[in-house]
Structures are given as structure tokens and as C-alpha cells.
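Structural characterization, general
One-letter residues, chain by chain:
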Amino acid sequence: MSVLVILETGHRMSAEAWAAGRQFAEALGVPLRAAAPAEGAAPYTPDGYTAALEELIRRVAPSLVVFAHTYQTRDYAPKLATRFGRVLISDVIAAGFENGAPVFVRQLFQGKFNADIRPAGDGPHFVSIQAGAFPATADAAAVDIETFTPSASRQKSEAPFRESAREVDLTAAPIIVSVGRGIKEQANIPVVEKLAQALGAELAASRPICDAGWLPMERQVGSSGQTVSPKLYVAVGISGAIQHLVGMKGSKTVVAINQDPNAPIFEIADYGIVGDLFEIVPALVAEIDKSKSP
Amino acid sequence: MKIAVAIKQVPLRDSPLRVAASGLWIDEANLSYEINEPDAYALEEALQLREKHGGEVVVLCAGPERVGQTIREALAKGADRAIHVELDSGASLDTLGIATLLAAALKSEAADLILTGLQSDDFGYGQTGVVLAELLGVPHSTIIMQVEVRDGNSLRVKRELEDGWFQHIEMPLPAVLTIQSGGNKLRYATLMGIKKAKTKELKVLKAADLGATPPASVVLEKLYSPHKSKQAQIFSGDPKTAAAQLLEKLRFEARVL
Ligand SMILES: Cc1cc2nc3c(=O)[nH]c(=O)nc-3n(C[C@H](O)[C@H](O)[C@H](O)COP(=O)(O)OP(=O)(O)OC[C@H]3O[C@@H](n4cnc5c(N)ncnc54)[C@H](O)[C@@H]3O)c2cc1C
Ligand SMILES: Nc1ncnc2c1ncn2[C@@H]1O[C@H](COP(=O)(O)O)[C@@H](O)[C@H]1O
């Protein structure tokens, strides 16, 4: 019995998976172990990792396997868990332990609710942890790291690339006004543009706004967009899904304007106005303008 | 080529959601539903591939009777036929259970390509497609933005990575892809499409007839509103007053203006 943490080479979240794994191992009173791809091993493919880790897990026989919920984990960990007749408990934000039985907390409905999930049956069970939920600790206690060598794969991957150079560098902006689906249609974008202008801010957006082409992709904030940490981030009509939050939660001050008082964005906001953005944003612009021209 | 698309029905976006008295799920009374967002992109990708390469698009949806509505909408958008795996409304299957049923329903179809959304808006597990691929014994790739079919027997896809990176992946057909939102522009159903949908084949399969599902390996024990850990200062009242109060705080408390 042990807790086995799967490390992703070079990924910042590996240290968080490690911290989570250590917490789980202590609570369960079992040793902590880790696995990572062998140096110089073939690049990642889902087939290659699944086969190699299936072999490793059968050999090590952990009761719990812990991953960081990264894009790579999403790509193969469910397949690996299926080999063991298990479901990956994905994107976990907390864990509780009663008499050696773990219960994992994960978000449902895009963060509107939490759910307690209990793994049933014998281990190994598989969990992936959400970014930021288990802060990395400084110490990296020495444990042996099992290495694995990914095997042959039906998928052939090419080198990662970026689209054409970004013309907008949101990371340098001291103030960002960010717009979400609450804006309803492209024709309404000027409503938030005016606020950005009044504040001297860059305009950013949640993913659906860029998906729809209402603003260019390079203005997207979040896990698949830019990561920003301005001194002021004003989220307008954004619900606060985790994939958006990871891109902006380092902001010094967060303001949320949303008509739903239970929107998850208020969880990380310092200040909020609950109400219709089409009334509030123009009022905000008017107040700013008033103070500029006394 | 034959393309199957797994679509899920989820509560309409921005629906007011409450936890049911059971504490195990949301209160479904008076809820409206729609297609899970990335699944709409998966359907769009399938329709565009059919337009390019010919063939057939089959939509597949597991759920209670109410999902018939979402299935008909997919038919109206242009899918050729549909399979509804009917679940009892109280059924509590985990991902492996759902994927096992979907795989069983797909067995006789022998589709060349199977598309799913990358993640459901309700469970948010983000794994049904990957599990389905494993159960069917075919290769897969996830978080896909573009699909290119080569010579009818292999794929080259554009996979999204973190922080604005992408990667191309090649694999043989048949395969499963989980589709990310935003790769294509979604079409609307036309009046003609809505009319035609009524004549299209909708096969209903009872879950019980598709064989056994494995025992659940994860059990949802409780659904609840998250505890508020951080108290945002909320300004209420009329917009003008709230705006003035907010600016005051940003200037003199947070000192960011
Ligand atoms: C792998 C993956 C990667 C992703 N990457 C990203 C990413 O990089 N960035 C990103 O943002 N998302 C990303 N997403 C999507 C993310 O999960 C959410 O779907 C998305 O962030 C939601 O955007 P939103 O808040 O604008 O829309 P919604 O969730 O639809 O929220 C709209 C909000 O507007 C409010 N509203 C509606 N009308 C009004 C009104 N009149 N006045 C005030 N408020 C109103 C509503 O109450 C609601 O809270 C990713 C998802 C996945 C699975
Ligand atoms: N009940 C279902 N019926 C059909 N497809 C489903 C069902 N549940 C999940 N899916 C598909 O699997 C994807 C991922 O779902 P999930 O693993 O719950 O995040 C969805 O986007 C759908 O394409």
C-alpha cells in the first residue's frame, strides 16, 4: 500500500501533485512514492504512457495514484484508470479522511456546486488535483522515483508550436477589464470597451468571447490563454470557471460584476457588484468620467 | 465515412440551480436543457467532415426521456440519424458505466470516427471520450481544435496545449477525438432542417438491453454549495451609488486607481 504521485517533467503543477500526495499518504498512514518518465525517454503519447504506467502500477500496487490535472493527465489518465476498472476522480480540490477511507471534493456545474466523491471497491484509485488547490511546499523529501519508459504508440505527435506572435501583451497591463458571456452579443462589446478606456485598461475576455470571434484569441485569459496578474482585474459578466481563474487569480485586486450572487467569481473577488452589467458598467463609466473633469 | 457524435444534455446555461432535497443532485423540476457546449462543436465538426468527405453522421446520447429534445435539435442541424440510450431517470452510473453503454451502442455501428465533447458542463469529468476509446480499443486524442482526414484512413489533428500552445498529432482510423469549443462556427437549424428531422431515424435502446455495466467505482455522496471562504465586499443599491462606492474603495482602500 502506498500513494503514488505521477510527476510531469517540467510542469509547475508537479510540485502541487507532490504536496497533495504527501498529504494523502500521511492521512492514510502509508508511504509516499513517485514516478516520472525516464530521462531521454520518448515524448508523451497517451498509448505510450498508459502501457508503461499500467505495468508500473501493477508492480508498485499503490492504493492511490495522484496526478496534477494537466492537459497531459486529461489525455491519458482516464484510459489508465479504465485498465483497472476505475474512474479517474478528476480535478479534485480537497480531500477528507475518515478511518482510513478517503472522500474527495470536486466541483460540479462549472464551480457552482461541490460534490463529495467516495471511491468504492479496492484500490488503486485514481485522482487528479486542481491547479492551486494543494499549494506546493518547499521541502521535497527524498523518495525514490520510479522511472518508466513510454512504449510504442498509435499516435504520432509533432513538436508543440504557438500561433503567430502575440500582438497584445496582457501580462504588462496594470489594469485589465475582462468581459464574459454576460455581454450577450458582439454588438454590446463597446459597453465594456468604454469602461476599459475610462480606466486606461487593456480589454481581455473569457474563452467563449474569443471562440465566438467577438474579440481576438490573443485577448483570452485562462488556462488556454494568457496568465495575467495586474494590480486591478475587473471581471464583467464572467462566471469564474476554474480554467478562467487560473489565468487571473494572481491579480492584486479583483472586481466582479455579475447578476448571479452565487457566481464562483465572487469567491476570489475583493469587491463585487451584483446586478445587470448593462446598468452598472455605464454607471461606473459615468462616475469615473465625473471624477476626471471636476 | 461514418462519424458518430456523443452528445450530452445539460441544464440550460444560467439556469438557477438548487440542490435537491436528496442532497445528491440538483432539483430538476422546471429546468430547461440544452446540448453540452463542446458537444455542439463536436457535432459541427462532424457535419463539416461529412460535407467534405461524404458519409453519415450518427448522434448518440444517453439519458432519460427528456434528452429526446436535444437529439431532435441535432437532427435538425443536419445529423442523419440518432441513437438514444434510455436511462432510468434515477440511474446513477459513473463515467465508466456511461461509457460502457455508449461503447455497446456503438459496437454494431463500426464508425470510422467518434467525436465527443471534451468535458460536460454538469459533471465536468472530462473523460468519457477517453474511456470510450479504451473500451473500443481505438486510439484517441483530446482537446482537439481541428480535424483533417487523410486518404480516408488516418487523421491529423490540432490539439490544444496549455498557455496558448498547440500540437499536431497523427493516428490511424478508427479513432476517438474529444473536441474543444471554438474550432468552428456553429450553424443554426434551418426551418427545412427542423422539418426533415421529424422523418429521420431515432433508435431508442434500453440501457438494460445493452448488457451489464461495471459496478460504480466512484459514488457521489453529497452535492452542496461551496462554503464561502473569502468574503468579497459587495456593493448594492442603485447602480450609480454602487459604482461610486466601488470607486471610492478602489482609490482609498485598495489604492489601485
Ligand atoms: C480545457 C479547457 C480550457 C479552457 N480554457 C479557458 C480559458 O483559457 N479561458 C476561459 O475563460 N475559459 C476557458 N475554458 C472555459 C471555461 O470552462 C468556461 O466555460 C468559461 O470560462 C466561461 O466563460 P464565461 O464566464 O464568460 O461564461 P459563463 O460561464 O456563461 O458565465 C457568464 C456569466 O455572466 C453572468 N451574466 C449574464 N448576464 C449578465 C448581465 N446582464 N449582467 C451581469 N452578469 C451577467 C452570468 O451570471 C454568468 O455568471 C476552458 C475549458 C476547458 C475545458
Ligand atoms: N450521457 C451521455 N450521453 C452521450 N454522451 C455523453 C454522455 N456523457 C458524456 N458524454 C460525452 O462525453 C463528453 C465528456 O463528458 P464528461 O466526461 O462527463 O466530462 C461529453 O462532452 C459528451 O460528448
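Computed from a predicted model, the values in this text were never measured in an experiment.

Let us now look at unusual backbone geometry. Where the residue is not glycine, phi is negative for most of them; where a peptide bond is considered, it is trans in most cases. Here the amide bond leading from A:G123 into A:P124 is cis, since omega sits at 0°, within 30 degrees of zero. Checked against the element boundaries, A:P124 lands in the loop between β6 (113-119) and β7 (125-129). Of note, the bond from B:L173 into B:P174 is cis; its omega dihedral lies within 30 degrees of zero at -5°. Inspection of the secondary structure assignment puts B:P174 in the loop between β9 (165-172) and β10 (175-179).

One key point about sheets: their strands pair by backbone hydrogen bonds, in either a parallel or an antiparallel sense. A sheet is described by the order of its strands in space; here 9 strands give the open sequence β8(A)-β2(A)-β1(A)-β3(A)-β7(A)-β4(A)-β5(A)-β6(A)-β12(B), paired in mixed fashion. Bordering the open sheet on either side are β8 (145-148) of chain A together with β12 (218-224) of chain B, each of which pairs with just one other strand. Each neighbouring strand pair of the sheet contributes to a mean axis angle of 35°, computed without reference to strand direction. Bridge count between β6(A) and β12(B): 6 bridges; the pairing is antiparallel. Each residue of the ladder has a partner; that of A:N114, found in β12(B), is B:Y224. Running over the sheet, helix α3 (residues 71-83) of chain A touches β1 (3-6), β3 (64-68) and β7 of chain A and is turned about 165° from β3(A).

Facing 86 residues of chain B, the contacting portion of chain A comprises 82 residues. Summing both sides of the interface, chain B and chain A together bury roughly 7,500 Å²; the carbon and sulfur share of this comes to 53%. For the interface between chain B and chain A, the tally reads 11 salt bridges. Salt-bridge contacts for A:K79 lead to B:E134; the nearest nitrogen and oxygen are separated by 2.7 Å. Applying the counting criterion to the chain B and chain A interface returns 44 residue pairs in polar contact (both at pLDDT 80 or more). Here the residues of the side of chain B that touches chain A sort into 43 nonpolar, 20 polar and 23 charged.

All names here are of chain A. Lining the immediate surroundings of ligand 1 are 34 residues, of which S206, S224, S239, Q243 and N258 lie closest. At 2.6 Å from an oxygen atom of ligand 1 is found a side-chain nitrogen or oxygen belonging to S206. Contact between ligand 1 and Q259: a nitrogen atom at 3.1 Å from a main-chain N or O atom of the residue. Protein contacts shield 94% of the accessible area of ligand 1, which totals 990 Å² for the unbound molecule. Those elements that place two or more of their residues in the shell around ligand 1 are α3, α5 (207-211), α6 (242-245) and α8 (277-292). The residue makeup of the shell around ligand 1, split by class, is 8 nonpolar, 18 polar and 8 charged.

Another aspect to go through is empty space enclosed by the protein. To find leftover empty space, a probe the size of one water molecule is rolled over the atoms. If you walk through the whole model with that rule in mind, you get 6 cavities of 30 Å³ or more. Volume-wise, the largest cavity comes out at about 150 Å³. In terms of lining, the largest cavity is formed by 17 residues, of which the most central are A:Q107, A:Q110, A:G111, A:I242 and B:Q119. Listed by contribution, the elements that provide at least two residues to the lining of the largest cavity are β5 (101-108) and α6 of chain A. Top element by residues in the lining of the largest cavity is β5(A). It accounts for 3 residues. Classifying every residue of the lining of the largest cavity by side-chain character gives 5 nonpolar, 8 polar and 4 charged.

Rules of the game
Residues numbered from 1 in each chain as written. Chains lettered and ligands numbered in written order. Predicted model: local features only at pLDDT ≥ 70, side-chain atom pairs only at ≥ 80, totals over all residues. Heavy atoms only, no water. Helix = DSSP H or I, 4+ residues; strand = E, 2+ residues; numbered from the N terminus. Pairing = 2+ DSSP bridges. Axes fitted to C-alpha atoms, helices over the stretch in contact; angles between N-to-C directions. Contact = heavy atoms within 4.5 Å. Buried area = accessible area lost by both parts, 1.4 Å probe. Salt bridge = Lys/Arg side-chain N within 4 Å of Asp/Glu carboxyl O. Polar contact = N/O pair within 3.5 Å; in protein donor to acceptor, adjacent residues only side chain to side chain. Nonpolar A, V, L, I, M, F, W, Y, C, P; charged D, E, K, R; others polar. Near = heavy atom within 4 Å. Areas by Shrake-Rupley, 256 points an atom, 1.4 Å probe, with all protein chains shown as cover. 1 Å grid on protein atoms, 1.4 Å probe; cavity = no way out; pocket = protein on both sides within 12 Å on 5 of 7 lines; lining within 4 Å. Points joined across faces, edges and corners; volume = space filled by probe spheres on them.

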